[in-house]
Amino acid sequence: AALRALVVFDQLAARLRLPTHRFRVHWLHASCAITEGRFADAEAALVRAERVAEPLGDPMNSLLMTMLRGWMAYERGAWDSIGNALTAMGNYFPWADRVAKAVAPNLAWRRGESEAASALMAEVPLADLRGLPRDEHWLIVCALWSLTAVQVDDRQRAALLYELLRPHAAQNAYDDLLGTNLGSVSLYLGALAGTLGRYADALDHLREARARNLANEIRPGVLRAELEMARVHLRRGEADDLASCAR
């Protein structure tokens, strides 16, 4: 329904000769496509957005596209391409430093630099995590820190992040300015609970995350929930866990 509405909005913007609005339509198409794991469609939408934006000469449009490309690089595992988006954000938005700090240890771990990831995570005081500003970026930043806490098995910070995110289980980790949707918060709660050894809670959260992400067509989130469920089964190691993991 949202995509059909965007098509109508694009047609209306074209008829009224509103290029900025047409840019936003293509940009939103790209955001939706990345959320759903349709990366070729996202790239095509970004090309259309660039074509509309170029004559306008608005640097904000270029920044918005850079941020979406950074998110797509993250989702596709193109770790080396994310730096440009973080740098561009940092030059424009004062809050971008919070996102960059949350992404850095996650990227280090994904590059195989587990010791560096652990060190970066350990540098963050618990009070800083608890005191993160509760703005539109808060859920995204907490989700990114949660991934790293799980990856490096930092149980102290995992426990705090679980406490912070628990009231938001029914929400998505979404940032409307960045156009970024990391899926159901229950995914991160499940991963954190698994790290804390709370396996039954972890599986409950992850089943909920899978269902929510499936309903919202957040395909990367569905796959992550299934992967985390397999990890919880392997970690718990009960008699029927191996069969559950294989499924």
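Above this text you will find the structure in question.
Rules used throughout
- Every chain begins its residue count from 1, and numbering advances along the sequence as written.
- Local features in this predicted model are restricted to residues whose pLDDT is 70 or higher, and side-chain atom pairs enter the listing and the counts only when it is 80 or higher, whereas totals over whole chains, interfaces and linings include all residues.
- With hydrogens and water set aside, each side-chain value is computed from the structure's full complement of heavy atoms.
- Fitted lines through C-alpha atoms give the axes, limited to the stretch in contact for helices. The angle between two N-to-C directions lies from 0 to 180 degrees.
- Counting from the N terminus, the helices are DSSP H or I runs at least four residues long and the strands are E runs at least two residues long.
- By definition in this entry, angles of less than 35 degrees are roughly parallel, angles greater than 145 are roughly antiparallel, angles of 65 to 115 are roughly perpendicular, and the rest are oblique.
- Handedness of a crossing follows from how the near helix is turned relative to the far one, being left-handed for an anticlockwise turn of less than a right angle and right-handed for a clockwise one.
- Residue contacts are counted whenever heavy atoms from the two residues lie within 4.5 Å of one another.
- Gly falls in the polar group here, along with every residue not listed as nonpolar (Ala, Val, Leu, Ile, Met, Phe, Trp, Tyr, Cys, Pro) or charged (Asp, Glu, Lys, Arg).
- Pairing of aromatic side chains requires ring centres within 6.5 Å, counting the rings of Phe and Tyr and the six-membered ring of Trp. Pairs whose planes differ by under 30 degrees are stacked, by over 60 edge-to-face, and all others tilted.
- Categorising residues by exposure relies on relative accessible area from a 1.4 Å probe, with only protein chains included: less than 20% of the type maximum marks a residue as buried, more than 50% marks it as exposed, and the intermediate range marks it as partly exposed.
- Look at NZ for Lys and CZ for Arg. If either is within 6 Å of the ring centre and within 35 degrees of the ring normal, a charge sits over the ring.
- Residues belong to a common nonpolar core when they are buried Ala, Val, Leu, Ile, Met, Phe, Trp, Tyr or Cys residues joined through side-chain atoms within 4.5 Å.
- By definition here, a salt bridge exists when the distance from a side-chain nitrogen of Lys or Arg to a carboxyl oxygen of Asp or Glu is within 4 Å.

Our focus in this paragraph is the packing of helix α9 (residues 138–151) against helix α11 (residues 185–195). With their axes 9 Å apart at the nearest point, α9 and α11 run at an angle of 30° to one another. Taken as axis vectors, α9 and α11 run roughly parallel relative to one another. α11 is crossed by α9, and the crossing has left-handed handedness. Touching Leu139, Ala143, Ser146, Leu147, Ala149 and Val150 of α9 are Val185, Tyr188, Ala191, Leu192 and Thr195, all from α11. Residues belonging to the contact of α9 with α11 are distributed by class as follows: nine nonpolar, two polar and no charged.

Applying the stated criterion across every chain yields a total of two aromatic pairs. Taken together, a centroid distance of 5.1 Å and an interplanar angle of 65° make the contact between Tyr92 and Phe93 edge-to-face. Note on Tyr92: relative accessible area 45%, which makes it partly exposed. Both rings, one in Phe93 and one in Trp95, keep their centres 4.8 Å apart while their planes meet at 20°; by these two values the pair is stacked. The pair formed by Phe93 and Trp95 is uniform in burial state, with each residue classed as buried. The aromatic ring of Trp27 is capped on one face by Arg24, whose charged end is 4.6 Å from the ring centroid. Above the ring of Tyr162, the side-chain terminus of Arg198 is found at 4.5 Å from the ring centroid.

Counting residues in each nonpolar core, the largest one holds 73 residues, and the members touching the most others are Trp145 and Leu165. With 11 residues, α9 is the single largest residue contributor to this core. Leaving out residues up to four positions away in the same chain, Trp145 has contacts with Lys101, Ala102, Pro105, Met121, Val124, Leu129, Leu132 and Leu161.

With respect to the helices and strands, the residue Ala102 is situated in helix α6 (residues 96–110). Sequence separation between Ala102 and Trp27 is 75 residues; the distance between their C-alpha atoms is 25 Å. Aside from chain neighbours lying at most four places away, what touches Ala102 is Val141, Leu144, Trp145 and Thr148.

Quick look at the pattern of salt bridges now. Applying the stated rule across the entire model yields 18 salt bridges. Among the salt bridges present, the one from Asp154 reaches Arg157, with a minimum N-O distance of 3.1 Å. A relative accessible area of 12% places Asp154 in the buried class. You can call Arg157 buried: its relative accessible area is 9%. Taking the shortest distance from any N to any O, the salt bridge between Glu208 and Arg212 comes out at 2.9 Å. Of this pair, Glu208 and Arg212 both sit in helix α12 (residues 199–215), four residues apart, roughly one helical turn. Relative accessible area serves as the criterion here: at 30%, Arg212 is assigned to the partly exposed category. Connected through salt bridges with shared partners, the residues Glu36, Arg38, Asp41 and Arg219 form a single ionic network.

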